[in-house]
Structure formats: structure tokens, C-alpha cells
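Understanding the architecture of this molecule
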Amino acid sequence: MPVIVEEPMVVEDDNGEERAALVPSLFPLMPPTLYFSTANEKVELLPAEQRRLLKWKMSTVTPNIVKHTIARSHFKATKRSHDWLGCWGHHMKSPGFKALGEHQKLNHFPGTFEIGRKDRLWRNLSKMQLRFGKKEFSFLPRTFILPQDIKLLRKAWEDGGSTQKWIVKPPASARGMGIQVIHKWSQMPKKRPLLVQKYLQKPYLIGGNKFDLRIYVYVPSYDPLRIYMFSDGLVRFASCKYSSSTKTLGNKFMHLTNYSVNKKNSEYQTNSDNKACQGHKWALKALWLYLGSKGINTTLIWGKIKDIVIKTIIASEPYVNNLLKMHVKTTYSCHELFGFDIMLDENLKPWILEVNISPSLHSNSELDISIKGQMIRDLLNLAGFQIPQREKEISSCTSASSSSNRERTKPDLSADEKVKRAFFLTQPSADQDLVSSVLDVLTPEDVHVLAESEDELSRRGEFERIFPSQSSSRYLRFFECLRYPNILLDQWEQKYWNNRTKCISLLKSFCEKGVHLGTSDPAHMWSRGNYNFWSEREKPTVMSPSRVLVSHQRATDEDLLDSEVATVSSLPGLLSSGSSPGSSVSSSACSSPQPSLTQNLLSQQFSL
């Protein structure tokens, strides 16, 4: 039997301030989370019984900057398959996520290759463009996937004239490998599959050089969807001055901005100062100061980048949530860092070049360390790592793929909560008074979702939450399947974005009474609370599928089963009985637009 090796990771020797190992929740009866420190802080030791649970599964791709950060919180490296709490590793095929225990966090979601592969990114964004128009989705250069798009490409090539340039990429490559810029059909590589993209011929230049931006985007949850952007990032310059001449197209140091390409140029200049505008790599904050000194509105550019990021993540949302339902026992187990590569054209319009689902965290300079170190520390705090309360929570997950385990970890919504979700998923979004009433009576699960969200936001460090936000309601129409938790958080932000003290105080009062753990208090039962409300208004009309909040195009087998079970349930019986396995109404509009379902539930509700 092989010997299991567990070694403590090296911690920097520092005399910094000692911080508590656990961050208490803002709310009573909510679990604390582990604290991850900066290099100039110390983290106190937990009691031995808890400390032995601090195990991190090492991967061949775990970057040093992650190793150093977790070491400061006293994690030990382990190669065991079931007793670790965290892992920063490879993306894996979706069925592999079934092996994750409830106490474990992996730095990926299933299905994010739908934006992480260049061909899938184009397919999904072009699909969104067809639905919502070029005004909303025109931030990815026109792309063709070969061999299937060869005829379309040939026509576009001929229509574009002889001066047009194209950039050719393998669909799943990284670090600039296999990329070339061409202007003749005869230069087209014969190897397939291949992605051919219109080349941005007029980029914004600084000092005569083109550059791109590496933007760090963190998604701790897809349901409800929460998106954060790190306030700093990297600006990566091509190491030769730009020329639009076709004679220069073979010069990768001129036309590609990848660090892995340009570092090989003898003229490449390093930069270790995160405040300096020098060399071929800058901090993003340094770029904003430089552009601001030229009279450029950098807040407007940053806002446009946020818009691109939100829309791109939403394009992946239905795929990821579908696979989460199929393969992951609890959404706690997944979180992901994305590296968005953005280029500014001569008009300062941002264009997305690609999305990296495993962005490089190698730190080759003080500049890299200062930006990536802070970012990873803040990300791990945002992630909300928890210590399992009992040893059996770990041992029970060794048979990770068992169906009984999966059923046990499903959210157990009450019948009242099912009715509330079904109702709000079938209402017209234009009726703001009606939609905002989602906050009038907060059910136990509502309180839990909101408290979890506020806790997470309080740990954001230098990340900014861009979805949901006080101005993100306009993005709800882009969801293929609108989900109830997204409606709830959107309305919460609209009401409390400028008064977090008030909303935290409200949630504290609920959590002190244990509402988020379940209650029979009528004040938190939506059906009873809304009987009087609707008696004063016209009874709501259930909308037809064409008039609900979004179109409903995809439903999983699980969703359909849930809908069928709920449809045949009589509401009085449903409200008086507990939830049975498999009978929950889905939180997604994909599975709840059927008039038969909502009409049955609501018509009986208002006749009570």
C-alpha cells in the first residue's frame, strides 16, 4: 500500500500582524469561513482537531502563488482522494465532478469550456447576437470555424477585398501557440479544425505598440449568478512597434501580445513596478492613470468591459447550470477564475479576444506577484472555505457518486417556497410593483440566499461585484432560463444597494430567530402573507409562455419531472405536507412556464 505523503508548505518568515483563522459571519447561526492572508500577515493556529482538516489537494498545475497563500493559513498538501478541502487543478470532464464531496471546493465549474474554447465562445456569442442584435453583442470579431464555415469564410474573404487581414487560431490553444496573421487565401493552414477571425487592424497604440488587457473575473456561484471583477490586472504589450503593412504579418513580436511569445524577443523589456508605465508589461491601474492623463474617460471604458464580461458569462450560464444539476451534489463545491483578454481599438472600444478558464498565475516579476498575489488572496476569501463540522461529513462523501448522497444534498424547499417561485417566474417583468413584491415576504430559503450573498460581498477585498448590482436588471432578459434566485437578488440590490447597513440589520434580525434554518412563522410564509395582498388587487393572471420574463427553450429531464409532479399536486395538500424527494418546483423559468403548472398552483392558492 503506497505511503501517503503530507507535507506542510513553506510559509514566508514575517513579523506581521496576526489575524484570526476564521472570519465570523455577519449573521447569527451562519458558519464562519477560513481567512487567507497577505504576505505581511500571520494567521493564528486553529485547535489541533480543526487544524488536521486543513488539507489541500495538490495538482501538477497548482501555481506557487496559490501554494504560498494557502500555506499561510496552515494548509497541508495531500494526495488523498477524499479528505481535502480545496484544490486548484485542471478542468475535467463533467462526470468527474460527481466525485467531489460536499466539503470540497474545486476551482472550476462543469461546462465553462462553452466560453473557454474559442470556437464555443464564438458559437454562443453569435447565437446571442442573433437573438438580441448587434447593438448588444458586437464585441467579438467576426469568426469562422473550419471546416464547416469554409464557404461562408470564402464569401466574406472575397467581399472584404485584398487589404483585409485575418488571424488564424487553433480552437483550444493557449499562450499564442499556433496563431498566425494572414492576408492571402493560399496562406490558410490545411490542418483542421481551425478558427479564422477578422483581425483588428486599427488597435489603440501606446508608444507605437499594440497591447491587450488581462482582466480577472471570478464567479463563486452560477445559481444565483454572482460575478466579480478584480480592480487590477495586466497590460501586455507587443515588443515591436506596430505596422499595418502586410510585409510584417510574420512578425509575432509585433502582432501578438502574449507574454509567452514576446518574452523570447531580445528587445523585450521587463517591469517590476506596479505603478510605472514602462517596459512591455504594466499594471492595469497604471494604464488607467496614463490614459486619464491624456483626458480619456477610463470609467467609461471600464463600464464597457463590465458589460462584455456580464454578457459573456450569461452566455455560458444555461450549460453550466444544467451540468451542475446533473453532476455536482452541492454548488458549494465549484468556483472559477476566468482570464478575459480584451483589446481596445483606435476608438477605445473594447473587444473580447478570448476567455481563459485556467489563466496563468505564474509570477515572473514583482509586478506579477503584487497583482496576482493580492488577487488570489482576495479570491480565496471570497470563496468562503468552511471547515466541516463533523468528521462524518468527510467520510460520508467517499462514495461520492451514490444516488442517495445526491438526493440528500438537494435543497429542501418548503411547499410555500415552491409556490412563491412558480408565481414570480410567470409574471411580466414590466410590472415593477409586482416584481419588487418578491421582497415583501422573505421565506427561509430567501433569507439564507440573501445572507450568504451579503456575507460573500463583505469579503470581496479588491474585487468588485458587477452582477448583481443596482444597475444590472437590464441583463435579466439575456438569460435563456431566468431563475428565481436571480430575481430575488436583483430586487434586493435595487432596494438596498446604497444602504447595506439597513439590509444587513434586517437579515440579522431574521437569522437571530433562525428563520434561514426553517420556520413555521406565518410572517415568513409567502402564500399566507399574499392572500390579503391579492384580495385588495385584481387576482393575478397567469401569463402565457410567450409573455413570461424570458423565452424557455431548454429544460432538463429533472426539471420536467419536477414540473409534472408539481402540476398534479393539489395545493392545499401540498401546503400542509412536507416536501418529498423529487417533488420540488424548479427555481428556473425553463421548467415553470407551463400554464398547467402555475394555473393549478396559483388558482388554488387564491381560493384558500
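Bear in mind the structure is a predicted one, so any value in this text is a computation, not a measurement.

Below, the discussion takes up the sheet that holds strand β6 (residues 76-78). Taken together, four strands build an open sheet; the order of strands is β6-β5-β7-β8 and the sheet is parallel. This sheet does not close on itself; its edge strands, each paired only once, are β6 and β8 (105-106). Judged from the two bridges that link them, strand β7 (residues 86-87) and β8 form a sheet pairing that is parallel. Note that in β8 the partner of G86 across the bridge is K105.

Turning our attention to the packing of aromatic side chains. Aromatic ring pairs are described here by two measures, namely the spacing of the ring centres and the angle between the planes. Inspection of the entire model under this criterion finds 26 aromatic pairs. Arranged with centres 5.5 Å apart and planes meeting at 40°, the rings of W56 and F385 form a pair that is tilted. Pair noted here: W56 is in strand β5 (residues 55-57) and F385 is in the loop between α10 (366-383) and α11 (391-395), with a separation of 329 residues, a long-range link. Taking relative accessible area as the criterion, F385 reaches 1% and is therefore assigned buried. For the ring pair F137 and F478, a centre distance of 5.3 Å and an interplane angle of 85° mean the geometry is edge-to-face. Of this pair, F137 sits in the loop between α4 (118-132) and β9 (143-146) while F478 is found in the loop between β19 (463-467) and α16 (484-496), placing the two residues 341 residues apart along the sequence. The two residues F137 and F478 agree in class, both being buried. Connected via pairs of aromatic rings, a cluster forms that spans F132, F137, F139, Y475 and F478. In this arrangement the basic side chain of R154 is found over the ring face of W185, its NZ or CZ atom lying 4.3 Å from the centre. Across from the ring centre of F137, 5.4 Å away, lies the NZ or CZ of K311, which sits over that ring.

Turning our eyes to something else, we now look at empty space enclosed by the protein. Considering all chains together, one arrives at four cavities of 30 Å³ or more under this definition. Estimates place the volume of the largest cavity at around 80 Å³. Along the walls of the largest cavity sit eleven residues, with K127, M128, A315, P318 and E480 positioned nearest its centre. Tallied by class, residues from the lining of the largest cavity come to six nonpolar, two polar and three charged.

Okay, the pairing of strand β10 (residues 166-169) next. For a regular strand, side chains alternate in direction, first toward one face of the sheet and then toward the other. Alternating residues of β10 divide into W166 and V168 and I167 and K169, and every residue in both groups is buried. Direction of pairing for β10 relative to strand β12 (residues 194-198): antiparallel, over a ladder of four bridges. Opposite W166, over in β12, you have K198 as the bridge partner.

Tracing the chain through its elements places N124 in helix α4. You can call N124 buried: its relative accessible area is 3%. Among the polar contacts listed, one links the side chain of N124 to the side chain of Y319, at a separation of 2.8 Å. Setting aside chain neighbours within four positions, we find N124 in contact with E114, A315 and Y319.

What the rule picks out here adds up to 27 salt bridges. Across the pair R236 and D212 runs a salt bridge whose closest N-O atoms are separated by 2.9 Å. Of this pair, R236 sits in strand β15 (residues 234-237) while D212 is found in strand β13 (residues 211-222), placing the two residues 24 residues apart along the sequence. Just as R236 is buried, D212 falls in that class too. Between E493 and R465 there is a salt bridge whose closest N-O contact spans 2.7 Å. Pair noted here: E493 is in helix α16 and R465 is in strand β19, with a separation of 28 residues, a long-range link. No difference in accessibility class separates E493 from R465, as the two residues are buried. Connected via shared salt-bridge partners are E136, D307, K311, R474 and R477.

Of the consecutive residues L146 and P147, the connecting peptide bond is found in the cis state with omega at 15°. Tracing the chain through its elements places P147 in the loop between β9 and α5 (150-160). Cis peptide bonds are those with omega within 30 degrees of zero, and the linkage from F467 to P468 qualifies with -5°. By secondary structure assignment, the location of P468 is in the loop between β19 and α16. The phi angle at L29 is positive, at roughly 60°, despite the residue not being glycine.

The rules behind the values
- Residue numbers run consecutively from 1 along every chain, following the written order of its sequence.
- For this predicted model, a pLDDT threshold of at least 70 governs which residues receive local features, and a threshold of 80 or more governs which side-chain atom pairs are given and counted, while totals over whole chains, interfaces and linings are taken from all residues.
- Only heavy atoms go into the side-chain values, all of them from the structure, while hydrogens and water stay out.
- Should DSSP find at least two bridges between two strands, the strands are taken to pair.
- A run of H or I in DSSP becomes a helix once it reaches four residues, and a run of E becomes a strand once it reaches two; helices and strands are each numbered from the N terminus.
- Any two of the Phe, Tyr and Trp rings considered here, Trp counted by its six-membered ring, make a pair once their centres fall within 6.5 Å; the pair's planes then place it as stacked at under 30 degrees, edge-to-face at over 60, or tilted in between.
- Here the term buried applies to any residue with accessible area under 20% of the maximum for its type, exposed to any over 50%, and partly exposed to those in between, with areas from a 1.4 Å probe on protein chains only.
- Criterion for a charge above a ring: Arg CZ or Lys NZ at most 6 Å from the ring centre, at most 35 degrees from the ring normal.
- The definitions used throughout rest on a 1 Å grid laid over the protein atoms alone, on which a cavity is an enclosed set of points accommodating a 1.4 Å probe that cannot get out and a pocket is an open set flanked by protein within 12 Å on both sides along at least five of seven lines; lining residues are those having an atom within 4 Å of a point.
- Grid points are joined across faces, edges and corners, and a volume is the space filled by probe spheres set on the points.
- As a working rule, the residues Ala, Val, Leu, Ile, Met, Phe, Trp, Tyr, Cys and Pro are called nonpolar, Asp, Glu, Lys and Arg charged, and the rest polar, with Gly in that last group.
- Identification of polar contacts relies on pairs of N or O atoms within 3.5 Å, with a donor-acceptor requirement for protein atoms, meaning one able to donate a hydrogen and the other able to accept it, and with residues adjacent in sequence counted only if both atoms are side-chain atoms.
- Every residue pair with non-hydrogen atoms within 4.5 Å of one another is taken to be in contact.
- Salt bridge, as applied in this entry: a Lys or Arg side-chain nitrogen positioned within 4 Å of an Asp or Glu carboxyl oxygen.

Coordinates in, geometry out; function isn't part of it.
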